[in-house]
Amino acid sequence: MGKKRDVQSVNSKTMPKKPKNYKPLQRKAKKFTFNRKRSKPYDSEWQKYRRRFLYHNPNCYICPNQSQVVDHIKTHKGDRELFVNTQNHLPLCTACHNYITGKFDRHKVQLLQEKIDWINKQKEQFNNKKKVKVLPYYSKG
Ligand SMILES: [Zn+2]
């Protein structure tokens, strides 16, 4: 019988035991919040752009699903330049996006190269040769 390791057993060994008077801290609503008054990244301009981008990129960059999310390849973390940089946008389906976010984006240091490598590998497996149609962020009219 091969040894099987699951997350649970690893955690029970490595995680410190919680003290008896353990009280969970109030969870913050979000890990970071944008300064709404100053930068407002997910504003109406973004909504307009998002709609146009998904219209012109109707499929997930990785798999055959319909695109639903505009992913920031390099996480922007509130950085406006990265946020609106149209070279940094990727159309993804919700499933691919959720997977990628959990696996590569939610780290102190983003696993950017790992993310890109994984995307390209997956894409190959789907024999997907799609390219991203880059659109200007601000539309005329
Ligand atoms: Zn997908």
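Because the structure is predicted, anything quoted here is derived from the model rather than measured. (Residues numbered from 1 in each chain as written. Predicted model: local features only at pLDDT ≥ 70, side-chain atom pairs only at ≥ 80, totals over all residues.)

Quick word on the overall build of the chain
Alright, step 1. Counting its secondary structure elements, the chain contains five helices and two strands.
Alright, step 2. In the chain, the order of α-helices and β-strands from amino to carboxyl end is α-α-β-α-β-α-α.
Alright, step 3. Expressed as a percentage of the 141 residues in the chain, the buried residues total 13%.
Alright, step 4. Nonlocal contacts in the chain, meaning residues at least 24 apart in sequence, comprise 66% of its contacts between residues at least 6 apart. (Helix = DSSP H or I, 4+ residues; strand = E, 2+ residues; numbered from the N terminus. Buried ≥ 20, exposed ≤ 12 C-beta atoms within 10 Å, placed from the backbone. Contact = placed C-beta atoms within 7 Å.)

As for the confidence of the model for the chain
Alright, step 1. Scored by pLDDT, the chain comes out at a mean of 83, with 72% of its residues at no less than 70.
Alright, step 2. Per-element averaging of pLDDT across the chain places helix α1 (residues 7–14) at the bottom with 48 and strand β2 (residues 89–92) at the top with 98. (pLDDT = per-residue confidence, 0-100.)

Re the nonpolar core
Alright, step 1. If you look at the biggest cluster of nonpolar residues, it comprises nine residues: Cys60, Tyr61, Ile62, Ile73, Leu90, Leu92, Cys96, Ile100 and Phe104.
Alright, step 2. Elements supplying a minimum of two residues to this core: β2 and α4 (94–105).
Alright, step 3. No other element matches α4, which puts three residues into this core.
Alright, step 4. Setting aside chain neighbours within four positions, we find Phe104 in contact with Gln110, Leu111, Glu114, Lys115 and Trp118. (Core = buried A, V, L, I, M, F, W, Y, C linked by C-beta atoms within 7 Å.)

Concerning the pairing of β2
Alright, step 1. What you see with β2 is no split at all: His89 and Pro91 on one side and Leu90 and Leu92 on the other are buried throughout.
Alright, step 2. Pairing of strand β1 (residues 69–72) with β2 involves four bridges; the strand directions are antiparallel. The residue bridging Val69 from the neighbouring strand is Leu92, located in β2. (Pairing = 2+ DSSP bridges.)

Observations concerning unusual backbone geometry
Alright, step 1. Residue Lys77 is not a glycine yet carries a positive backbone phi of 45°.
Alright, step 2. Looking at the element boundaries, Lys77 is found in the loop between β1 and α3 (80–84).
Alright, step 3. Classification of Lys77 as partly exposed rests on a count of 13 C-beta atoms within 10 Å.
Alright, step 4. Despite not being glycine, Asn127 shows a phi value in the positive range, around 50°.
Alright, step 5. When you line up the elements, Asn127 lands in the segment after α5 (112–125).
Alright, step 6. For Asn127, a count of 7 C-beta atoms within 10 Å gives the class exposed.

Side note on α4
Alright, step 1. Considered for burial, the residues of α4 that qualify are Cys96, His97, Ile100 and Phe104. Angular distribution of buried residues about the axis of α4 spans 95°; they occupy a single face of the element. Pointing more than 90 degrees away from the buried face of α4 are the exposed residues Asn98 and Gly102.
Alright, step 2. On its buried side, α4 packs onto β1, β2 and α5. (Arc of directions from axis to C-beta.)

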